[in-house]
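Now for the letters of each chain:
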Amino acid sequence: MPQDPMDFEWSYWIEWGRDHILWLLVGHLLVSQVSRLLVEKYKPWCLMVYGMAACWLLLGIKGFAVILLHASISFAVAQFQLSLLTWLCSLILLFTLRIPAVEEAERNWYDTENEYYLLLFTVSVRCLFCTSFSLEYCWHGPAQKSSYSFLWMLAYVFYYPMFHNGPLMNFDEFSKQMRRQEAFSLKTNLSILIVGVIRIFFWWCLAELMIHLMYIHALYSSASPLEAASYWALGGLALAQVLFFYVKYLVLYGVPALLLQMDGLKPPALPCCVSLMHSFTKMWRSFDVGLHRFLVR
């Protein structure tokens, strides 16, 4: 049975995941576990180098250069230790993505629109990470240079599990947890991995069933079936839409969250089921927990 093709986000990330990103995440997992086993002290730098290599492989040298340039500019502006200047820098860097000449040049780097969109999504999410690091630098100052060096910024920005689509983790949380050295247990990590993979596979199967059987997004794209539906049916469609959105992000955020756990980090909580929420305030706080913590911080 053909699937509903109208949910661009799901189709896009599943295609990229199947063809490239999933295999790069497996590579990250192997590098992470080997570095934790043999060179725990150098784990952040091993993962940084791997993330930079994965970025280069997937986005090409020009895409890699754009992200490195954004990080360098953000770090340079942070030296002034003015939060307002950091925010202005981030907004200007985001604005450059919408300059027609820049858009056209970046499109010409790639053979397909999907490759260009991957660069666009990645740079946009990286901008949030650069902002988080730069603000922490402004608040703590040069007295803690070793904790807020450019090398640590690169380790944060190029950390691969959160590279393309999040979730977002503030730099202060990331650095504290990444510096913490814990006893490594291959058996414990293996059990975490097996349970996590089973859960994510279940969520993925559920999302695929919904997109192959329910055609929620296709119904919303046409006015005639909506006009003919009763209010109860429209309410059911709306509920189905947000439930699919919830299951979708259990997969999209569940995969990086599992890898964060394998790296010895505590990921932001996965989205809370929308059926349990009675106000939009609670949904904002408990659906994208990483973004909420970023805004509060």
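Remember, it's a predicted structure, so these values are computed and weren't measured experimentally.

A. Representation of unusual backbone geometry. Note that the residue after Gly166, namely Pro167, is joined by a cis bond; omega there is 5 degrees. At Gln81, a residue that is not glycine, the phi angle is positive and equals roughly 55 degrees. Turning to its location among the elements, Gln81 is positioned in the loop between helix 2 (43-78) and helix 3 (83-96).

B. Fine view of the domain arrangement of the protein. The domain boundaries assigned to the protein delineate domain 1 (8-180) and domain 2 (186-296). The gap between the C-alpha centroids of domain 1 and domain 2 is 24 Å. Each partner contributes to the interface: domain 1 provides 30 residues, whereas domain 2 provides 29 residues. Across the domain 1 to domain 2 interface the summed buried area is about 2500 Å²; carbon plus sulfur atoms make up 65%. Three residues, Trp10, Pro167 and Leu168, lead the burial of domain 1 against domain 2; their summed loss comes to 28% of the area buried on that side. Connecting domain 1 to domain 2 are two salt bridges.

C. Structural detail: the state of the cysteines. Within this structure, the stated rule accounts for zero disulfides. For Cys127, which is in no disulfide, the shortest distance to another cysteine sulfur is to Cys130 and amounts to 6.4 Å. Note on Cys272: no disulfide assigned, nearest cysteine sulfur contributed by Cys273 at a separation of 6.7 Å. With a relative accessible area of 23%, Cys272 lands in the partly exposed category.

D. Representation of empty space enclosed by the protein in the model. Under the criterion given, the structure shown has two cavities of 30 Å³ or more. A volume near 40 Å³ is recorded for the largest cavity. Those elements that provide at least two residues to the lining of the largest cavity are helix 11 (231-262) and helix 13 (289-296). In the lining of the largest cavity, the residues fall into eight nonpolar, one polar and one charged. Approximately 30 Å³ is the volume found for the second largest cavity. In terms of lining residues, the second largest cavity is bounded by Arg36, Glu40, Lys43, Gln177, Arg180, Glu182, Asp263 and Gly264. Class assignment for the residues of the lining of the second largest cavity results in no nonpolar, two polar and six charged.

Conventions adopted
Residues numbered from 1 in each chain as written. Predicted model: local features only at pLDDT ≥ 70, side-chain atom pairs only at ≥ 80, totals over all residues. Heavy atoms only, no water. Helix = DSSP H or I, 4+ residues; strand = E, 2+ residues; numbered from the N terminus. Domains from an automatic or database assignment. Contact = heavy atoms within 4.5 Å. Buried area = accessible area lost by both parts, 1.4 Å probe. Salt bridge = Lys/Arg side-chain N within 4 Å of Asp/Glu carboxyl O. Disulfide = S-S within 2.5 Å. Buried < 20%, exposed > 50% of the residue type's maximum accessible area, 1.4 Å probe, protein only. 1 Å grid on protein atoms, 1.4 Å probe; cavity = no way out; pocket = protein on both sides within 12 Å on 5 of 7 lines; lining within 4 Å. Points joined across faces, edges and corners; volume = space filled by probe spheres on them. Nonpolar A, V, L, I, M, F, W, Y, C, P; charged D, E, K, R; others polar.

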